[in-house]
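Now for the letters of each chain:
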Amino acid sequence: ENIIEIGCGTGQLINYLGLSTRNAFGTDMCLNSLKIAESFRKKNDIKNVNFFQMNLFNPIFKPDYFDLVICQGVLHHTSNPYLGFESIQQLVKPGGYIIIGLYNKYGRLITDLRRMLFKITNNNFRWLDPRLKEFDRGSLKRNSWFNDQYKHPHESKHSIDEILKWFEKCNFRFINAIPKIKF
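Residues numbered from 1 in each chain as written. Predicted model: local features only at pLDDT ≥ 70, side-chain atom pairs only at ≥ 80, totals over all residues. Heavy atoms only, no water.

Peer 1: What am I meant to see in the overall build of the protein here?
Peer 2: A tally of helices and strands in the protein yields 6 helices and 5 strands. Secondary structure of the protein in N-to-C order comes out as β-α-β-α-β-β-α-β-α-α-α. Its C-alpha atoms give the protein a radius of gyration of 18 Å, near enough to 16 Å, the size a compact globule of 183 residues would have. Taking all 183 residues of the protein together, the buried fraction comes to 42%. A sequence separation of at least 24 residues applies to 64% of the contacts in the protein between residues at least 6 apart. (Helix = DSSP H or I, 4+ residues; strand = E, 2+ residues; numbered from the N terminus. Rg over C-alpha atoms; globule rule 2.2 N^0.38 Å. Buried < 20%, exposed > 50% of the residue type's maximum accessible area, 1.4 Å probe, protein only. Contact = heavy atoms within 4.5 Å.)

Peer 1: Is there a simple way to think about the nonpolar core in this case?
Peer 2: It is characteristic of soluble globular proteins that their nonpolar side chains tend to be buried jointly. I6, V69, L75, F85, I88, I98 and I100 are the most contacted members of the largest nonpolar core, which has 23 residues in total. The set of elements that each furnish at least two residues to this core consists of β1 (2–6), β4 (66–72), α3 (81–89), β5 (92–101) and α6 (160–169). Residues in contact with I98, not counting those within four places in the same chain, are V69, F85, I88, Q89, V92, F167 and F172. The next biggest cluster of nonpolar side chains, apart from the first, holds 12 residues, and it includes A24, L34, I46 and L68. (Core = buried A, V, L, I, M, F, W, Y, C linked by side-chain atoms within 4.5 Å.)

Peer 1: Would you take a moment to explain unusual backbone geometry for this structure?
Peer 2: That bond from I178 to P179 is cis: its omega, -5°, falls within 30 degrees of zero. Backbone geometry at D45 places phi at a positive 50°, although glycine is not the residue there. Secondary-structure assignment places D45 in the loop between α2 (31–43) and β3 (49–53).

Peer 1: Looking at this structure, I do not really get α2. What am I missing?
Peer 2: Since the α-helix packs 3.6 residues into each turn, any two residues three or four apart lie on the same face. End to end, α2 covers 18 Å across 13 residues, agreeing with the expected 18 Å (1.5 Å per residue, within 8%). On the buried face of α2, the contacting elements are α1 (12–17), β2 (23–28) and β3. Positive backbone phi, at 50°, marks D45, one or two positions downstream of α2. (Expected span 1.5 Å × (residues − 1).)

Peer 1: Any chance you could explain the pattern of salt bridges here in plain terms?
Peer 2: Pairing is possible between side chains that carry opposite charge, provided their charged atoms lie close to one another. Applying the stated criterion across every chain yields a total of 8 salt bridges. In this structure, E155 and R108 form a salt bridge, with 3.0 Å as the shortest nitrogen-oxygen distance. You can see E155 sitting in the loop between α5 (139–150) and α6 and its partner R108 sitting in the loop between β5 and α4 (109–120), a full 47 residues away along the chain. Like R108, E155 is buried. Residue D112 is joined to K157 by a salt bridge in which the shortest nitrogen-to-oxygen separation is 3.5 Å. With a gap of 45 residues between them, D112 in helix α4 and K157 in the loop between α5 and α6 connect regions that are remote in the sequence. The partly exposed category is assigned to K157, whose relative accessible area is 25%. Through salt bridges that share partners, R108, D112, R115, E155 and K157 make up one connected network. (Salt bridge = Lys/Arg side-chain N within 4 Å of Asp/Glu carboxyl O.)

Peer 1: How should I be thinking about the pairing of β5 in this particular structure?
Peer 2: A regular strand carries its side chains on alternate faces of the sheet. Where β4 and β5 come together, 6 bridges link them in parallel fashion. The residue bridging V69 from the neighbouring strand is I98, located in β5. Note on the crossover from β4 through α3 to β5: the handedness is right-handed. (Pairing = 2+ DSSP bridges. Right-handed = clockwise from strand over helix to strand, strands pointing away.)

Peer 1: I tried to follow the packing of aromatic side chains on my own but got confused; where do I start?
Peer 2: Two descriptors summarise a pair of aromatic rings, namely the distance from one centre to the other and the angle between the planes of the rings. Inspection of the entire model under this criterion finds 17 aromatic pairs. Both rings, one in F85 and one in W166, keep their centres 5.5 Å apart while their planes meet at 35°; by these two values the pair is tilted. With a gap of 81 residues between them, F85 in helix α3 and W166 in helix α6 connect regions that are remote in the sequence. Considered together, F85 and W166 belong to a single accessibility category, that of buried residues. Geometrically, the ring pair formed by F167 and F174 is edge-to-face, given 6.3 Å between the ring centres and 75° between the ring planes. An aromatic cluster is present here, built from Y82, F85, W166, F167, F172 and F174 joined pairwise through their rings. Its end group placed over the ring of Y103, R108 keeps NZ or CZ at 3.6 Å from the ring centre. Over the face of the ring belonging to F146 we find R126, whose NZ or CZ atom lies 3.7 Å from the ring centre. (Phe/Tyr/Trp six-rings, centres within 6.5 Å; stacked < 30°, edge-to-face > 60°. Lys NZ or Arg CZ within 6 Å of the ring centre and 35° of its normal.)

Below, the structure is given as structure tokens:
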């Protein structure tokens, strides 16, 4: 079974998936993140995971190769999420699966309101974000969360209908979502 995570960052998920007998691949644009992922892989003697620097708009793997393609939290930070989806879906072999994670148009409303408030108050009122109240995270993790959620230079938001059309155009059958979708 061949699995790829596109936008794997520091490789936590793909290293975990590689603990089984799969052939697992992690790709990311950020070389520093990939170095951390590779260091963890070596330190824990995980044999069947490989990391590659890759632009998702220009995959380095042949089409129809992977049983599972995972791309979570990445497409909505690109200039053209649908084009990115079209690009990575080609990697899925017939009968395979694709998992994508995107910001929802309505699910981000509270975050957008907080973002506006933080912007006009020079990042005050951080206590309004419940995750920033968690002291066990440490200041570095809290700052990382804040920057990812509120300071990212580009993000797009998508409706369920839009994503279902992506799946239909690319001949994928929608199976499930988290949270569940009620039709």
